[in-house]
Amino acid sequence: MNKVILVGRLTRDPEVRYTQTGKVVATFTLAVDRFTAPGGQREADFIPIVVWGKVAEVCGNSLTKGQRVLVDGRLQIRSYDGKDGQKRWATEIIAQSVEFLERRAATGAAPEEHRPDDAGVFGPEVSPEDDIPF
């Protein structure tokens, strides 16, 4: 099974592009804290994230540098030939869903989770002080 779940902060705003066939793709880098020994210095890994389709559009329109997100996806390792003719390797996470863990400072929007076709989403998160309708 190839499943990755990461929580971290965006190091820059997402970059949104369109393929020649019209598919939307967004890329960003996620800074994820690494476990260290007690009292040790905090370290982070910088992990490239690739998001496709409607989720990519939402990420491009809603996420900004520094925002904290949860990414659920799979690890992909691919090779390509560099401009110098040398074989290169790229390791990245292909996101299946992206959950916004904090409000966006400019709009004050509530945290949201975005999945293709909203599969498996049961509605907005309810806090303990909200009135529950049942």
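For the structure itself, look to the data block above.
Residues numbered from 1 in each chain as written. Predicted model: local features only at pLDDT ≥ 70, side-chain atom pairs only at ≥ 80, totals over all residues. Heavy atoms only, no water.

Caption draft 1: Representation of the environment of D45 in the model. Tracing the backbone shows D45 in strand β4 (residues 43-52). A relative accessible area of 30% places D45 in the partly exposed class. As a C-alpha pair, D45 and T29 span 16 residues in sequence and 9.7 Å in three-dimensional space. Residues within four places of D45 in sequence aside, it is in contact with L30, A31, V32 and R34. Polar side-chain contacts of D45 include one of 2.4 Å to the side chain of R34. (Helix = DSSP H or I, 4+ residues; strand = E, 2+ residues; numbered from the N terminus. Buried < 20%, exposed > 50% of the residue type's maximum accessible area, 1.4 Å probe, protein only. Contact = heavy atoms within 4.5 Å. Polar contact = N/O pair within 3.5 Å; in protein donor to acceptor, adjacent residues only side chain to side chain.)

Caption draft 2: Quick look at the nonpolar core. If you look at the biggest cluster of nonpolar residues, it comprises 22 residues, and the most contacted ones within it are L30, I49, V51, V71 and V98. Secondary structure elements with two or more residues in this core: β1 (4-10), β3 (24-34), β4, α1 (53-62), β5 (68-81) and β6 (87-100). Looking at this core, the element that brings in the most residues is β3, giving five residues. Once residues within four sequence positions are removed from consideration, L30 is found in contact with L6, G8, R9, L10, D45, F46, I47, I49, V69 and V71. (Core = buried A, V, L, I, M, F, W, Y, C linked by side-chain atoms within 4.5 Å.)

Caption draft 3: A look at the pairing of β4. When β3 meets β4, the two strands line up antiparallel, connected through 10 bridges. Directly across from V32, in β4, lies its bridge partner D45. Summarising the sheet, β4 and β6 pair through three bridges and their orientation is parallel. Within β6, the residue paired with I49 across the bridge is I93. (Pairing = 2+ DSSP bridges.)

Treat this as a map of the structure, not an account of what it does.
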